[in-house]
Amino acid sequence: EAGVAQSPRYKIIEKRQSVAFWCNPISGHATLYWYQQILGQGPKLLIQFQNNGVVDDSQLPKDRFSAERLKGVDSTLKIQPAKLEDSAVYLCASSLGRRRTNEKLFFGSGTQLSVL
Amino acid sequence: SQQGEEDPQALSIQEGENATMNCSYKTSINNLQWYRQNSGRGLVHLILIRSNEREKHSGRLRVTLDTSKKSSSLLITASRAADTASYFCATDAGDKIIFGKGTRLHILP
């Protein structure tokens, strides 16, 4: 079974530039998550999709971050414009579906973003 | 916001010893999960314990849950070098899964 795929693996940009991350979840997984993990901290949920609908985006800085999940499969997370404090690892995860209980998450390897 | 708080933040033990890390949380949960993260990688699910369970085992892992104290512990027995990683507890209250800050475990040869 293929895991969660993310790209790129690393990205270095200057502040005020834009950047986009891509995620392909495990086939058949209805729920997709984007987490931000700052060095030395735990992952913080940015946005959660159930199929192609947003379930939770309460911690997404909507003035600069946007995300979409077209056709309920792949997802893209965008930052525009980037700030220094956006330097972090962006993790994508998927699960079978949030309507089930006792879900476990499958994570990709993440995209490490450095904003200079 | 982060609900789970792991303790200790960092732990170094000799290979072969047991490692224990704790997690405290604030609100009622459906289940609590533990994940492992090797350096530069994504998180890997280790074990899930439901709110009506008190103890669960998986290989060298033992997890306990005390809902009255809102706490959980993860025990890794007979540690190996490959266990060096960060360990996170994650609480599932039904709407979202929230991770703690993690315990960094280092196994000394």
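Details of the structure are given in the entry above.
Being a predicted model, the structure only gives us computed values, none of them experimental. (Residues numbered from 1 in each chain as written. Chains lettered and ligands numbered in written order. Predicted model: local features only at pLDDT ≥ 70, side-chain atom pairs only at ≥ 80, totals over all residues. Heavy atoms only, no water.)

> Report on the overall build of chain B, specifying residues and quantitative values.
Helices and strands together make up the secondary structure of chain B, namely zero helices and 11 strands. Its C-alpha atoms give chain B a radius of gyration of 13 Å, near enough to 13 Å, the size a compact globule of 109 residues would have. Counting only C-alpha atoms and orienting by the principal axes, one finds that chain B spans roughly 40 × 25 × 20 Å. Among the 109 residues that make up chain B, the fraction classed as buried is 47%. Of the contacts made within chain B by residues no fewer than 6 positions apart, 54% connect residues no fewer than 24 positions apart. A total accessible area of about 5,200 Å² is found for chain B, and carbon and sulfur atoms account for 46% of it. Between the mean site of the 14 positive side-chain charges and the mean site of the 11 negative ones, chain B shows a separation of 3 Å. (Helix = DSSP H or I, 4+ residues; strand = E, 2+ residues; numbered from the N terminus. Rg over C-alpha atoms; globule rule 2.2 N^0.38 Å. Buried < 20%, exposed > 50% of the residue type's maximum accessible area, 1.4 Å probe, protein only. Contact = heavy atoms within 4.5 Å. Areas by Shrake-Rupley, 256 points an atom, 1.4 Å probe, with all protein chains shown as cover. Lys, Arg positive; Asp, Glu negative; His and termini not counted. Charge placed at Lys NZ, Arg CZ, Asp CG, Glu CD.)

> Would you mind going over the packing of aromatic side chains in detail, with residue names and values included?
Scanning the entire structure with this criterion turns up eight aromatic pairs over all chains. With 5.4 Å between their ring centres and 90° between their planes, Y35(A) and F99(B) make a pair best called edge-to-face. Of this pair, Y35(A) sits in strand 4 (residues 31-37) while F99(B) sits in strand 10 (residues 97-99), placing the two residues on different chains. Summarising the aromatic geometry, the rings of F107(A) and Y35(B) are spaced 5.9 Å apart at their centres and angled 85° between planes, so their arrangement reads as edge-to-face. Of this pair, F107(A) sits in strand 10 (residues 106-107) while Y35(B) sits in strand 4 (residues 31-37), which puts the two residues in different chains. Note on F107(A): relative accessible area 11%, which makes it buried. (Phe/Tyr/Trp six-rings, centres within 6.5 Å; stacked < 30°, edge-to-face > 60°.)

> So, the side chain of D83(B): which residues are in play, and what are the values?
Note on placement: D83(B) falls in the loop between strand 8 (71-76) and strand 9 (85-92). With residues near it in sequence (within four places) discarded, D83(B) still touches R60(B), I76(B), L105(B) and I107(B).

> Account for the sheet that holds strand 1 (residues 5-7) of chain A, with residues named and values stated.
Residue and element names in this part refer to chain A. Read from one edge to the other, the open sheet built from four strands follows the order 1-3-8-7, with strand pairing classed as antiparallel. Either end of the sheet is taken by a strand with one partner, and the two such strands are strand 1 and strand 7 (65-68). Neighbour-to-neighbour, the strand axes of the sheet open up by a mean angle of 15°, direction not taken into account. (Pairing = 2+ DSSP bridges. Axes fitted to C-alpha atoms, helices over the stretch in contact; angles between N-to-C directions.)

> If you had to explain the interface of chain B and chain A to someone new, which residues and values would you point to?
Tallying the contact residues gives 23 residues for chain B and 21 residues for chain A. In total, chain B and chain A occlude about 1,800 Å² of area from one another, counting both sides; carbon and sulfur atoms represent 42% of this. Of all residues in chain B, L43(B), K96(B) and I97(B) give up the largest surface area on contact with chain A, accounting jointly for 26% of the area buried on that side. For the pair chain B and chain A, the number of links is one salt bridge. The partner of K96(B) in a salt bridge is D56(A), with the nearest N and O atoms 2.9 Å apart. Inspection of the chain B/chain A interface yields seven residue pairs in polar contact (both at pLDDT 80 or more). Of all elements in the fold, only strand 4, strand 5 (43-50), strand 9 and strand 10 of chain B reach the threshold of two or more residues within the side of chain B that touches chain A. (Buried area = accessible area lost by both parts, 1.4 Å probe. Salt bridge = Lys/Arg side-chain N within 4 Å of Asp/Glu carboxyl O. Polar contact = N/O pair within 3.5 Å; in protein donor to acceptor, adjacent residues only side chain to side chain.)

> Give a detailed account of the pattern of salt bridges, specifying residues and quantitative values.
Scanning the entire structure with this criterion turns up five salt bridges over all chains. With its nearest N and O atoms 2.5 Å apart, the salt bridge here joins R64(A) to D86(A). One end of the pair, R64(A), is in the loop between strand 6 (53-56) and strand 7; the other, D86(A), is in the loop between strand 8 (75-79) and strand 9 (88-95), and 22 residues separate them in sequence. Each member of the pair, R64(A) as well as D86(A), is classed as buried. Its salt-bridge partner being R62(B), residue E55(B) comes within 3.2 Å of it at the nearest N-O pair.

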